[in-house]
Amino acid sequence: MEVKIYQDYHALSEAAASEIIDLVKNKPGAVICLASGHTPRLTCKLFAEKALQQKTDLSRITFIGLDEWVGVPPDNEGSCHYFFQHEVFQPLHLSASQINLFNALSINLEQECQEMDKVIADKEGIDLMIVGIGMNGHIGFNEPGVSFDSYSHVIKLDDTTLTVGQKYFKTATSLGKGITLGLKHLQESKKVILIANGTKKAGVIKKTVEEKVNNSFPASIMQKHSNGFVMIDQEAAGLLNRNN
Ligand code: PGA
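Residues numbered from 1 in each chain as written. Predicted model: local features only at pLDDT ≥ 70, side-chain atom pairs only at ≥ 80, totals over all residues. Heavy atoms only, no water.

Asker: Provide a residue-level description of the sheet that holds strand β2 (residues 31-34), including the pertinent values.
Answerer: In space, the seven strands of this open sheet follow the order β1-β10-β9-β6-β2-β3-β5, with parallel pairing throughout. Edge positions in the sheet fall to β1 (2-6) and β5 (99-100), since each of these pairs with one other strand and no more. As paired elements, strand β3 (residues 62-65) and β5 share two bridges and run parallel to each other. Paired with Phe63 across the strands is Ile99, a residue of β5. Contacting β1, β9 (192-196) and β10 (228-233), helix α7 (residues 202-210) runs over the sheet at an angle of about 155° to β10. (Pairing = 2+ DSSP bridges. Helix = DSSP H or I, 4+ residues; strand = E, 2+ residues; numbered from the N terminus. Contact = heavy atoms within 4.5 Å. Axes fitted to C-alpha atoms, helices over the stretch in contact; angles between N-to-C directions.)

Asker: Any details on the sheet that holds strand β4 (residues 67-69)? Residues and values, ideally.
Answerer: The strands making up a sheet associate through hydrogen bonds between their backbones, and the pairing can be parallel or antiparallel. Read across the open sheet, the three strands follow the order β4-β8-β7; overall the sheet is antiparallel. The open sheet has two free edges, formed respectively by β4 and β7 (153-156), since each of these has just one partner strand. Strand after strand, the sheet turns through a mean of 25° between neighbouring axes, direction not considered. In this sheet, strand β8 (residues 177-180) lies alongside β7 in antiparallel orientation, the contact comprising four bridges. Looking across to β8, one finds that Lys156 is bridged to Lys177. The strands touched by helix α4 (residues 109-122) are β7 and β8; relative to β7, the strand with the most contacts, the crossing angle is about 130°.

Asker: Outline the packing of helix α2 (residues 40-53) against helix α3 (residues 80-92), supporting the account with residue identities and numerical values.
Answerer: Closest axis-to-axis distance for the α2/α3 pair is 9 Å, and the angle between their directions is 5°. By the angle between their directions, the pair α2 and α3 is classed as roughly parallel. Contacts from Pro40, Arg41, Cys44, Phe47, Ala48, Ala51 and Leu52 of α2 reach α3 at Phe83, Glu87, Val88, Pro91 and Leu92. Across the contact of α2 with α3, the residue classes break down as ten nonpolar, no polar and two charged. (Parallel < 35°, antiparallel > 145°, perpendicular 65-115°, else oblique. Nonpolar A, V, L, I, M, F, W, Y, C, P; charged D, E, K, R; others polar.)

Asker: Report on α2, specifying residues and quantitative values.
Answerer: An α-helix turns once per 3.6 residues; consequently, residues spaced three or four apart project the same way. Look at α2: 20 Å from first C-alpha to last across 14 residues, which is about the 20 Å you get at 1.5 Å a residue. For α2, the complete set of buried residues consists of Pro40, Leu42, Thr43, Cys44, Leu46, Phe47, Ala48, Lys50 and Ala51. Taken together, the buried residues of α2 touch α1 (9-26), β2, α3 and β9. Residue Lys55 follows α2 closely and has a positive phi angle near 50°. (Expected span 1.5 Å × (residues − 1). Buried < 20%, exposed > 50% of the residue type's maximum accessible area, 1.4 Å probe, protein only.)

Asker: Talk me through unusual backbone geometry; I want residue IDs and the actual numbers.
Answerer: Despite not being glycine, Lys55 has its phi angle at roughly 50°, a positive value. Along the chain, the position of Lys55 falls in the loop between α2 and β3. Residue Lys55 is classed as exposed on the basis of its relative accessible area, which comes to 71%. With a phi close to 55°, His93 is a non-glycine residue in the positive phi region. Topologically, His93 is positioned in the loop between α3 and β5. For His93, a relative accessible area of 67% gives the class exposed.

Asker: Please set out the packing of aromatic side chains residue by residue, giving values where relevant.
Answerer: In this structure the tally under the stated criterion is seven aromatic pairs. Seen from their ring centres, Phe63 and Phe89 are 4.9 Å apart, and the 85° between their planes marks the pair as edge-to-face. Of this pair, Phe63 sits in strand β3 while Phe89 is found in helix α3, placing the two residues 26 residues apart along the sequence. Neither Phe63 nor Phe89 differs from the other in exposure class; each is buried. An aromatic cluster is defined as three or more aromatic residues linked by ring pairs; in this entry it consists of Phe63, Phe83, Phe84 and Phe89. (Phe/Tyr/Trp six-rings, centres within 6.5 Å; stacked < 30°, edge-to-face > 60°.)

Asker: Any details on the site of the ligand? Residues and values, ideally.
Answerer: If you check the shell around the ligand, you find Gly37, His38, Thr39, Pro40, Ile133, Gly134, His138, Lys167, Tyr168 and Lys201 and nothing else. Here an oxygen atom of the ligand sits 2.5 Å away from a polar atom, N or O, in the side chain of Tyr168. Considering the ligand on its own, with 280 Å² of exposed area, one finds that the protein chains cover 89% of that surface. Broken down by class, the residue content of the shell around the ligand amounts to three nonpolar, five polar and two charged. (Near = heavy atom within 4 Å. Polar contact = N/O pair within 3.5 Å; in protein donor to acceptor, adjacent residues only side chain to side chain. Areas by Shrake-Rupley, 256 points an atom, 1.4 Å probe, with all protein chains shown as cover.)

Asker: I'd like to hear about the pattern of salt bridges, residue by residue, with values.
Answerer: This model, assessed by the stated rule, comprises ten salt bridges. The residue Glu49 makes a salt bridge to Lys45 at a minimum N-O spacing of 3.1 Å. In this pair, Glu49 and Lys45 are both assigned in helix α2, four residues apart and thus about one turn of the helix distant. Under the relative-accessibility criterion, Glu49 is labelled partly exposed at 35%. For Lys170, the salt bridge goes to Glu77, with nearest N and O atoms at 3.1 Å. Of this pair, Lys170 sits in the loop between α5 (159-164) and β8 while Glu77 sits in the loop between β4 and α3, and the two are 93 residues apart along the sequence. (Salt bridge = Lys/Arg side-chain N within 4 Å of Asp/Glu carboxyl O.)

Dropping the structure here:
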């Protein structure tokens, strides 16, 4: 794992967006998994802008959504579906056949997980994951205590996620469970980039990079990835020891 520090949120988002573009140029059939949330918003926007400007051929990529709030419909502005629809799919005119998102309204969520795992396995794995980090160290909805060996699963969200998660919704929304790719997917992904910005993320970034790898702080698994990058702005890097 390598830590890369950028001047600010914009520079970090530019770099993350360029990673996606460069990958697709080298591998037009790339399998790309992105997170939704506040951190990746600018990465997604810049990716869409660059792809349109550079006329990047995205017709062969496979898109994988990292996670979704169980029970939240896709037209709810706080859903991951809504985010990707507006930030990525519509601007880039991706076709439905390229898009793989969990249906969090399904009556058979186990089947949703199996289908997602099968898509990823059939495509011979994910080429690039770009993920954020939660205030409890989660990646996707891999909450503290999750197994590092898990593939897609449904999980009870912990109190931090339930509280912080309200920030995505216009009105108070009942949240309880999440459906998410697992940390085994992350470990098997050919490249993983964790992005974070701002002073409020400095504490969790310090733990991600410096704490012993431990499933009570899921993002610490990044340390084990041989092609893993923690890309952060100066504020999020503020508590790191200098020798990282
Ligand atoms: P954020 O979410 O990018 O909105 O801070 C991160 C996360 O909870 O994974």
